[in-house]
Amino acid sequence: MAKDPVRVLVTGAAGQIGYALVPMIARGIMLGPDQPVILHMLDIPPAVESLNGVKMELQDAAFPLLKGIVATTDVAEACKDVNIAVMVGGFPRKEGMERKDVMSKNVSIYKAQASALEQYAAKDVKVLVVANPANTNALILKEFAPSIPEKNITCLTRLDHNRALGQIAERLEVPVSSVKNVIIWGNHSSSQYPDVNHAVIEGPDGEKSVRSTVSDDAWLNGEFIKVVQQRGAAIIKARKLSSALSAASSACDHIRDWVLGTPEGTFVSMGVYSDGSYNTPPGIIFSYPVICKNGDWSIVQGLSIDEFSREKLVATAAELVEEKEVAYSCISE
Ligand SMILES: NC(=O)C1=CN([C@@H]2O[C@H](COP(=O)(O)OP(=O)(O)OC[C@H]3O[C@@H](n4cnc5c(N)ncnc54)[C@H](O)[C@@H]3O)[C@@H](O)[C@H]2O)C=CC1
Ligand SMILES: O=C([O-])CC(=O)C(=O)O
């Protein structure tokens, strides 16, 4: 029997990530090749013509799984009954700006959209915040949508995770699909800590540790970390626009794994509401290693954290605590 359609909201749908993301959703890349979808696309009035153009193109592409399109500038209409919400809308970082610079512009957007989701979305809506500062926008959304379970509000660090997999694969000249269990800890910012201490490469003779196979601690503790932390800025420098196709693809990976589960023995990185695991401060949205099963994520527990890693975790957590304070000061202004 055919499945009922799932309603997926994409905010900022007329923007560059939106333009890459909506066809992926309509093709079944996010929720599977047998899952019909109804796309809800929200943008703001200055983008309405462009949004309608995206709607026309979706019709023209004749996606078999796409059972309906809602394209609107009305937040309530956009949020109505949605099961998945991918929050991409916002003000993007420009060359030379830190993610913090875009904070005040985005905090007010996320406060308003939290209320709309709370009022109009399905009660068990799963929310993924992509727009920067992603962790703190997700925190604001959580605070202003108290009836949405806090486990249902997450932010995207899967792009950083995938970037780390890509760097290791390139260095070892192995397919990226054979590398797994890297971890992005903390903030989706240049303070994030890409950790390979538990990462492995799958080969014909079983799993091998990434650290011992790379066998170059100076690179793993230096250049590798820096490249992953700075990859967003490098893309902006190269394209004069921030990452879009990789962000869209990683957003699909995030939701797909959350809804359909992570493969046995594999963990991925997600920004989730901190419960104090690994001695990180509670009350912030922090990226952890997680596994997903039956539509729920759980933080992988019991991984060893060496002194080098501990310092990096403390630093990225401190940045998030500070961002939280700045965000709250923007709200009260
Ligand atoms: N977490 C991550 O890994 C990544 C996050 N990003 C972030 O994603 C966001 C989107 O990036 P792009 O698509 O490149 O930007 P963009 O500027 O091309 O698109 C943003 C869209 O959001 C719309 N928008 C603005 N305010 C809105 C509101 N209140 N409600 C609905 N829509 C609204 C704009 O009109 C625009 O169409 C940015 O914040 C960017 O920094 C980008 C790459 C990776
Ligand atoms: O760096 C940016 O502003 C865009 C982004 O979040 C990324 O590419 O990771």
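Residues numbered from 1 in each chain as written. Chains lettered and ligands numbered in written order. Predicted model: local features only at pLDDT ≥ 70, side-chain atom pairs only at ≥ 80, totals over all residues. Heavy atoms only, no water.

Under an unreviewed UniProt entry, the chain has the name Malate dehydrogenase and belongs to Sphagnum jensenii. UniProt annotates the chain under Sequence similarities (unreviewed entry) with the comment "Belongs to the LDH/MDH superfamily. MDH type 2 family." Listed under Catalytic activity (unreviewed entry) in UniProt, the entry text for the chain is "(S)-malate + NAD(+) = oxaloacetate + NADH + H(+)". (UniProt positions renumbered as here; feature names shortened; annotations may be inferred.)

(A) Just the nonpolar core, in detail. Judged by nonpolar contacts, the single largest core of 75 residues is most densely connected at Val 8, Leu 21, Met 30, Leu 58, Val 86, Ile 168 and Phe 224. Among the elements that make up this core, the one with the highest residue count is helix α1 (residues 16-26) (7 residues). In contact with Leu 21, other than residues within four places in its own chain, are Val 10, Met 30, Val 86, Val 88, Ala 248, Ala 251 and Cys 252. Counting residues in hydrophobic clusters, the runner-up holds 31 residues, among them Val 82, Met 87, Val 125 and Val 127. (Core = buried A, V, L, I, M, F, W, Y, C linked by side-chain atoms within 4.5 Å. Buried < 20%, exposed > 50% of the residue type's maximum accessible area, 1.4 Å probe, protein only. Helix = DSSP H or I, 4+ residues; strand = E, 2+ residues; numbered from the N terminus. Contact = heavy atoms within 4.5 Å.)

(B) Representation of the pattern of salt bridges within the structure. The final tally for this structure, using the stated rule, is 11 salt bridges. Residues Lys 180 and Glu 202 are paired through a salt bridge, measuring 3.1 Å at the closest nitrogen-oxygen approach. Placement of Lys 180 in strand β7 (residues 179-180) and of Glu 202 in strand β10 (residues 200-203) is noted, with a sequence separation of 22 residues between them. By relative accessible area, Lys 180 is classed as buried at 9%. Close ionic contact of Arg 256 with Asp 253 constitutes a salt bridge, the shortest N to O distance being 3.0 Å. One end of the pair is Arg 256 and the other is Asp 253, both in helix α10 (residues 245-260) and 3 residues apart, which spans about a single turn. (Salt bridge = Lys/Arg side-chain N within 4 Å of Asp/Glu carboxyl O.)

(C) Molecular detail of the pairing of strand β14 (residues 296-299). Where burial is concerned, the two faces of β14 differ: the one with Trp 297 and Ile 299 is buried and the one with Asp 296 and Ser 298 is not. Taken together, the 4 bridges between strand β13 (residues 285-293) and β14 define a ladder with antiparallel strand orientation. Bridge pairing links Val 290 to Ile 299 in β14. Where β13 folds back onto β14 in an antiparallel hairpin, the turn is made up of 2 residues, including Asn 294, whose phi is positive at roughly 50°. (Pairing = 2+ DSSP bridges.)

(D) Spatial organisation of empty space enclosed by the protein. Tallied over the entire structure, the rule returns 1 cavity of 30 Å³ or more. By volume, the largest cavity is sized at about 30 Å³. Leu 117, Glu 118, Ala 122, Lys 123, Ser 147 and Ile 148 together form the lining of the largest cavity. Looking at side-chain class alone, the lining of the largest cavity contains 3 nonpolar, 1 polar and 2 charged residues. (1 Å grid on protein atoms, 1.4 Å probe; cavity = no way out; pocket = protein on both sides within 12 Å on 5 of 7 lines; lining within 4 Å. Points joined across faces, edges and corners; volume = space filled by probe spheres on them. Nonpolar A, V, L, I, M, F, W, Y, C, P; charged D, E, K, R; others polar.)

(E) Focus on the pairing of strand β3 (residues 66-72). With 6 bridges connecting them, strand β2 (residues 37-42) and β3 associate as parallel partners. From the neighbouring strand, Met 41 faces β3, where its bridge partner is Ala 71. The β-α-β motif built from β2, the intervening helix α2 (residues 48-61) and the parallel element β3 has right-handed crossover chirality. (Right-handed = clockwise from strand over helix to strand, strands pointing away.)

(F) Summary view of the packing of aromatic side chains. Evaluation of the coordinates by the stated rule reveals 5 aromatic pairs. When the centroid spacing of 5.0 Å and the interplanar angle of 70° are considered together, the rings of Trp 185 and Tyr 278 count as edge-to-face. With Trp 185 in strand β8 (residues 183-185) and Tyr 278 in the loop between β12 (268-273) and β13, the pair connects residues that are 93 residues apart, well separated along the chain. Of the two residues, Trp 185 and Tyr 278, neither departs from the other in class, the shared state being buried. Here Trp 219 and Phe 224 contribute two aromatic rings whose centre-to-centre distance is 5.5 Å and whose plane-to-plane angle is 45°, an arrangement assigned as tilted. Here Lys 142 stacks its cationic end above the ring of Tyr 273, 4.5 Å away from the centre of that ring. (Phe/Tyr/Trp six-rings, centres within 6.5 Å; stacked < 30°, edge-to-face > 60°. Lys NZ or Arg CZ within 6 Å of the ring centre and 35° of its normal.)

(G) Focus on the side chain of Ser 287. Within the secondary structure, Ser 287 sits in strand β13. Among the polar contacts listed, one links the side chain of Ser 287 to the side chain of Thr 157, at a separation of 2.7 Å. (Polar contact = N/O pair within 3.5 Å; in protein donor to acceptor, adjacent residues only side chain to side chain.)

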